[in-house]
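# Observations on chain architecture
The residues making up each chain are set out below.
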Amino acid sequence: MANIAGRKRNDALTRLLADRTNLTPSMFKEIAKKYFKNCCAYCNDDQKPLTKEHVVTNKDFGTLEPNNVIPCCRECNDDKRERDWREYAKEKGSRFIKQIEARILGYKPLDLEELRNRPDPYIKVSD
Ligand SMILES: [Zn+2]
């Protein structure tokens, strides 16, 4: 019984995250081209395949929303890990610091407290 409730809660959280994570592959391509000239936002390389990088990290409950995503090569993505983007961008000599700032302007990471207190439509409260 507890397992079923737990699974349902996970489904609900997955749906909430999916609602906020509305980044399509074409949107990501557009962001990479328009704001970053198809370069890695950190090392400036324009030859490597680009991955999606969370500016506000997973650790800080950042999601893959358009305003929290920048293009980044695999090496930088693996190397940066959960470090603050400003620190890493400086270390790599990024020429895209203003562009990264502009992307995340107004971005709000998930508020876990708010999520916890939100009525969960997927869990039936038994009487
Ligand atoms: Zn890079």
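The notes below deal with the structure included here. (Residues numbered from 1 in each chain as written. Predicted model: local features only at pLDDT ≥ 70, side-chain atom pairs only at ≥ 80, totals over all residues. Heavy atoms only, no water.)

## Topic: the pairing of strand β2 (residues 69-73)
The buried count for β2 comes to five of five residues, which makes it a mostly enclosed element. Of the two faces of β2, the one holding Val69, Pro71 and Cys73 and the one holding Ile70 and Cys72 are both buried throughout. Of the pairings in the sheet, the one linking strand β1 (residues 50-54) to β2 comprises five bridges and is antiparallel in character. Counted as the bridge partner of His54 is Val69 from β2. (Buried < 20%, exposed > 50% of the residue type's maximum accessible area, 1.4 Å probe, protein only. Helix = DSSP H or I, 4+ residues; strand = E, 2+ residues; numbered from the N terminus. Pairing = 2+ DSSP bridges.)

## Considering the pattern of salt bridges
Counting across every chain of the model gives seven salt bridges. Glu53 serves as the salt-bridge partner of Lys80, at 2.8 Å between the closest nitrogen and oxygen. Placement of Lys80 in helix α3 (residues 74-80) and of Glu53 in strand β1 is noted, with a sequence separation of 27 residues between them. Each member of the pair, Lys80 together with Glu53, is buried. Linked through salt bridges whose partners overlap, the residues forming this network are Asp45, Lys48 and Glu75. (Salt bridge = Lys/Arg side-chain N within 4 Å of Asp/Glu carboxyl O.)

## Some words on helix α2 (residues 25-36)
Between the first and last C-alpha of α2 there are 16 Å, a value that for twelve residues agrees with the 16 Å anticipated at 1.5 Å per step. Within the span of α2, buried status applies to Phe28, Ile31, Ala32 and Phe36. Burial along α2 is one-sided: seen end-on, the buried residues are contained in an arc of 95°. In α2, the exposed positions that point more than 90 degrees away from the buried face belong to Ser26, Lys29, Glu30, Lys33 and Lys34. The inward-facing, buried residues of α2 abut β1, β2 and α5 (97-104). Positive phi appears at Lys37, one or two residues downstream of α2, with a value of about 50°. (Expected span 1.5 Å × (residues − 1). Arc of directions from axis to C-beta. Contact = heavy atoms within 4.5 Å.)

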